[in-house]
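Results of the structural survey
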Amino acid sequence: MFRESITHSGGTTEGTASEQHALTLLARALRRGYAIDLTRDGGATISWTAGSFGPGETVVTAPRSIVFTPELPVGRALTESTCDDLLLVQSRDAEYDPVNRVITGGIWRIPQGATARLRARGLVVVDDRNRVRPSLTAQIGLFARDHCTRTTDPGGWYYPAGGGARRYSAASVAICSCGFARHCGDRTEARRHITGHRTEVCTEFVRDLTTPAPATA
């Protein structure tokens, strides 16, 4: 479950949202080309600019957004061992064994204590047939963990290697933990590049998340 905050022309409306509701709005945002950002706590922000006619047929624009904040933030819960467990659940046909209270994939099993933590923290969803999948917040958290972005401080003052007067470098690097790096002339340019990269990877993730799997024969 999420807390949902919608910014509109009349102000802000607060409420709650299910996984399915959040997925529906993310898919709609993707179709409409809205900006999507995903957070390490397992949440998401959809933002766009709305236009309306003002005096003299002028066009007035205003920012709009929908923010999904998980009721159980997943950031600190995603330890290395927990991530390994979630990747097992994500990549295999995982089931919950209610007798032994473990998640199993046939040749592997997640211990009882770790299984209990995954369920208590809302990191997995068990359906009425005991099939297990990572929750939407867990999937977003795993994605965002692999895409931590930043820009470096400007190079600053330095002395040329060959000697001469001191010089100033405004150079900055746009960096993502996925391996993306772009050397830029200044921090403004670096921020522009890292924002573009983040928008691209978030869009691709939501596309994969909301595209139905192909039917099997």
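Residues numbered from 1 in each chain as written. Predicted model: local features only at pLDDT ≥ 70, side-chain atom pairs only at ≥ 80, totals over all residues. Heavy atoms only, no water.

Along the chain, R198 falls in helix 5 (residues 187-210). The buried category is assigned to R198, whose relative accessible area is 18%. From its side chain, R198 meets the backbone oxygen of H147 in a polar contact 2.8 Å long. In contact with R198, other than residues within four places in its own chain, are D37, L38, H147 and T149. (Helix = DSSP H or I, 4+ residues; strand = E, 2+ residues; numbered from the N terminus. Buried < 20%, exposed > 50% of the residue type's maximum accessible area, 1.4 Å probe, protein only. Polar contact = N/O pair within 3.5 Å; in protein donor to acceptor, adjacent residues only side chain to side chain. Contact = heavy atoms within 4.5 Å.)

The next subject is the confidence of the model for the protein. Regions with low pLDDT should not have their predicted coordinates read in detail. Summary statistics for the protein give a mean pLDDT of 92 and a share of 96% for residues scoring 70 or more. Across the protein, element-level confidence peaks in strand 14 (residues 172-176) with a mean pLDDT of 97 and bottoms out in strand 4 (residues 44-53) with 87. (pLDDT = per-residue confidence, 0-100.)

Before going further, it helps to examine the packing of helix 1 (residues 19-32) against helix 5. Where helix 1 contacts helix 5, the two axes come as close as 10 Å, and the packing angle between them is 125°. Judged on the interaxial angle alone, helix 5 and helix 1 are oblique. Crossing angle aside, the handedness with which helix 1 passes helix 5 is left-handed. On the side of helix 1, the interface is formed by L23, L26, A27 and L30, while helix 5 contributes T203, V206, R207, L209 and T210. (Axes fitted to C-alpha atoms, helices over the stretch in contact; angles between N-to-C directions. Parallel < 35°, antiparallel > 145°, perpendicular 65-115°, else oblique. Left-handed = near helix turned anticlockwise from the far one by under 90°.)

This part is about the packing of aromatic side chains. For any pair of aromatic rings, the description rests on two quantities: the centre-to-centre distance and the angle between the ring planes. Evaluation of the coordinates by the stated rule reveals four aromatic pairs. Between F2 and F68, the aromatic rings sit 5.9 Å apart at their centres with planes inclined by 70°, giving edge-to-face as the arrangement. Note that F2 is positioned in strand 1 (residues 2-8) and F68 in strand 5 (residues 59-70), a separation of 66 residues in sequence. Neither F2 nor F68 differs from the other in exposure class; each is buried. In this arrangement the basic side chain of R119 is found over the ring face of Y96, its NZ or CZ atom lying 4.4 Å from the centre. For R166, the ring lying beneath its charged end belongs to W157, and the centroid distance is 4.6 Å. (Phe/Tyr/Trp six-rings, centres within 6.5 Å; stacked < 30°, edge-to-face > 60°. Lys NZ or Arg CZ within 6 Å of the ring centre and 35° of its normal.)

Glancing now at the sheet that holds strand 14. Spatially, the three strands line up as an open sheet ordered 11-14-15, and their pairing is antiparallel. Edge strands, defined here as strands with exactly one partner in the open sheet, are strand 11 (149-151) and strand 15 (181-184). Across the sheet, the mean angle from the axis of one strand to that of its neighbour is 10°, orientation sign disregarded. Two elements, strand 14 and strand 15, share four bridges in a ladder whose sense is antiparallel. What sits directly across from V173, in strand 15, is H183. Along the sheet face, helix 5 touches strand 11, strand 14 and strand 15 and points at about 15° away from the line of strand 14. (Pairing = 2+ DSSP bridges.)

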